[in-house]
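Listed below are the residues making up each chain.
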Amino acid sequence: MDTPAEKISIKKITADFKQITKAGLAVSVVFSSIAGYLLGVDDFKSIDLFTLVMLAVGGYCMVGASNAYNQVIEKDLDALMDRTKNRPVASGRMSSNHALFVASLLTIIGLILLYFINPKSAMFGAISIFLYTSVYTPLKVYTPLSVFVGAFPGAIPFMLGWVAATNNFGIEAGTLFLIQFFWQFPHFWAIGWFLYEDYEKAGFFMLPTGKRDTSTALQTVLYSFWLLIASLLPSIGITGRLYITPLSAVLVFLLGIWLITHAIRLYKTRTAKSAKTLMLASVGYITLLQLIYIFDKFLR
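So, here's what we can say about the structure. (Residues numbered from 1 in each chain as written. Predicted model: local features only at pLDDT ≥ 70, side-chain atom pairs only at ≥ 80, totals over all residues. Heavy atoms only, no water.)

## A look at the packing of aromatic side chains
Two measures describe an aromatic ring pair: the distance that separates the ring centres and the angle between the ring planes.
And then number 1: Considering all chains together, one arrives at 17 aromatic pairs under this definition.
And then number 2: Taken together, the ring pairs connect F148, F152, F177, F181, F182, F185, W189 and Y223 into an aromatic cluster.
And then number 3: Note that K140 overlies the ring of F204, its terminal NZ or CZ placed 4.5 Å from the centroid.
And then number 4: Over the ring of F298 we find K297; its NZ or CZ atom is 5.8 Å from the centre of that ring. (Phe/Tyr/Trp six-rings, centres within 6.5 Å; stacked < 30°, edge-to-face > 60°. Lys NZ or Arg CZ within 6 Å of the ring centre and 35° of its normal.)

## Description of the nonpolar core
And then number 1: Counting 85 residues, the largest nonpolar core has Y37, L39, V252, Y285, L289 and Y293 as the members making the most contacts within it.
And then number 2: Residue contributions to this core peak at 13 residues, all from helix α10 (residues 171-194).
And then number 3: Counting seven residues, the second largest nonpolar core, distinct from the first, contains A23, A26, V29 and V63. (Core = buried A, V, L, I, M, F, W, Y, C linked by side-chain atoms within 4.5 Å. Buried < 20%, exposed > 50% of the residue type's maximum accessible area, 1.4 Å probe, protein only. Helix = DSSP H or I, 4+ residues; strand = E, 2+ residues; numbered from the N terminus.)

## Considering the packing of helix α12 (residues 214-232) against helix α14 (residues 272-299)
And then number 1: Taken N-terminus to C-terminus, the directions of α12 and α14 make an angle of 5 degrees; their axes are 12 Å apart at the nearest point. Relative to α14, the element α12 is oriented roughly parallel. Every residue of α14 that contacts α12 at T220, L227, L228 and S231 is listed here: L278, Y285, L289 and Y293. (Axes fitted to C-alpha atoms, helices over the stretch in contact; angles between N-to-C directions. Parallel < 35°, antiparallel > 145°, perpendicular 65-115°, else oblique. Contact = heavy atoms within 4.5 Å.)

## Quick notes on a nonpolar patch on the surface
And then number 1: Residues L218, L222, F225, W226, I229 and Y267 make up a contiguous nonpolar surface patch of about 540 Å² in total accessible area.
And then number 2: Broken down by element, the residue count for the nonpolar patch peaks at five residues, all from α12.
And then number 3: With respect to the helices, strands and loops of the structure, L218 is situated in helix α12. (Patch = residues over 30% accessible without salt bridge, like charges linked within 9 Å, V, L, I, M, F, W, Y side chains within 5 Å. Areas by Shrake-Rupley, 256 points an atom, 1.4 Å probe, with all protein chains shown as cover. Salt bridge = Lys/Arg side-chain N within 4 Å of Asp/Glu carboxyl O.)

## Focus on the pattern of salt bridges
And then number 1: One pass over the full model with this rule turns up nine salt bridges.
And then number 2: In this structure, D16 and R93 form a salt bridge, with 2.8 Å as the shortest nitrogen-oxygen distance. Highlighted residues: D16 in helix α1 (residues 4-20) and R93 in the loop between α5 (88-91) and α6 (96-117), separated in sequence by 77 residues.
And then number 3: The buried category is assigned to D16, whose relative accessible area is 12%.

## A few points about the side chain of T239
And then number 1: Within the secondary structure layout, T239 lies in the loop between α12 and α13 (246-269).
And then number 2: With relative accessibility at 2%, the residue T239 sits in the buried group.
And then number 3: A polar atom in the side chain of T239 sits 2.4 Å from the backbone oxygen of L242.
And then number 4: When sequence neighbours within four positions are dropped, the list of residues in contact with T239 reads I171, E172, T175, L233 and P234. (Polar contact = N/O pair within 3.5 Å; in protein donor to acceptor, adjacent residues only side chain to side chain.)

## Brief notes about the environment of A164
And then number 1: By secondary structure assignment, the location of A164 is in helix α9 (residues 156-166).
And then number 2: A164 gets classed as buried once you look at its relative accessible area, which sits at 8%.
And then number 3: Not counting residues up to four positions away in its chain, the partners in contact with A164 are Y37, T51, L55, I117, N118 and S121.

## Digging into the packing of α10 against α12
Relative orientation and spacing of two packed helices are given, respectively, by the angle between their axes and the distance between those axes.
And then number 1: Two elements in contact, α10 and α12, have axes separated by 9 Å at closest approach and are oriented at 155 degrees. Put simply, α10 runs roughly antiparallel to α12. Where α10 crosses over α12, the handedness of that crossing is left-handed. Facing T175, L178, I179, F182, W183, F185, P186, W189 and W193 of α10, the residues of α12 in contact are T216, A217, Q219, T220, Y223, S224, W226, L227, A230 and S231.
And then number 2: Among the residues forming the contact of α10 with α12, the class breakdown is 13 nonpolar, six polar and no charged. (Left-handed = near helix turned anticlockwise from the far one by under 90°. Nonpolar A, V, L, I, M, F, W, Y, C, P; charged D, E, K, R; others polar.)

## Regarding empty space enclosed by the protein
A water-sized probe, rolled over the atoms, reveals where empty space remains.
And then number 1: Here the structure, examined in full by the defined rule, presents one cavity of 30 Å³ or more.
And then number 2: Empty space within the largest cavity amounts to approximately 40 Å³.
And then number 3: Forming the walls of the largest cavity are L39, R241, L242, Y243, I244, Y293, K297 and R300.
And then number 4: A per-class count over the lining of the largest cavity returns five nonpolar, no polar and three charged. (1 Å grid on protein atoms, 1.4 Å probe; cavity = no way out; pocket = protein on both sides within 12 Å on 5 of 7 lines; lining within 4 Å. Points joined across faces, edges and corners; volume = space filled by probe spheres on them.)

The values reported here are purely geometric and, on their own, carry no functional implication.
Written out as structure tokens, the structure is:
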């Protein structure tokens with residue numbers, strides 16, 4: 001029988017693993033990848049559960065590795081911010097070497113699993129880790145353009161699922177990439193807005209102007225609009241096998257107007273409360289959008 005100390009230890013290790021891999025974020029990324037996969041297969045009978053499991057586990061490993069590397073690189077800065085100071089490396093509960101071992105192991109496992117699906121999937125997974133850790137992370141303390149750079153690895157998961165299903169990167173995968181690319185901006189600028197003071201402690205530049213001003217709020221509205229346009233592209237017959245019916249297009253349009261309304265509210269009020277509401281709305285948007293696409297494909 002396990003002793004109380006052993007149970008506590010296992011519980012703490014599990015909790016630290018969830019924190020260092022950002023389990024909540026990783027699961028949402030896996031959901032995007034699975035959504036892309038389901039859109040890529042020919043029909044319900046074409047779904048390969050083994051491939052789906054490898055995509056889910058491999059995708060989690062890729063995101064987890066990126067986050068673990070990030071927390072090693074930013075451990076001193078994380079210690080300055082209230083929301084990150086209790087992370088395993090920043091708090092000292094886990095050494096940098098141990099975190100690097102976890103990150104490296106996750107990278108190897110993730111790349112192997114994605115390679116078993118097809119080499120293109122592994123390539124995009126590797127690109128995602130490289131851009132996130134070697135370009136986006138260092139840029140955060142120098143320029144607001146870091147969010148633009150970070151939008152590239154952030155937009156890969158939705159596309160990755162399609163590539164895993166088809167072994168092909170074409171207009172369809174490119175459209176899924178474009179949707180999630182534009183989604184990054186209202187989402188992360190909203191986070192940068194309501195956590196502005198905390199980011200400021202570490203010297204992170206997360207807003208396009210570096211300030212919570214009218215220009216930043218206006219750009220958030222504009223990128224929410226471009227996100228809606230990108231999301232409607234599959235309804236006009238220019239995105240190959242990826243398309244949605246007029247009914248689904250109406251639902252996507254209404255969903256986009258809902259998001260834009262929250263962005264406009266931030267523009268008008270410029271409050272942390274409005275920014276947090278926009279962030280939650282953006283999460284709801286991308287989740288519901290993917291579900292609409294999936295149901296449209298399998299129910300039409």
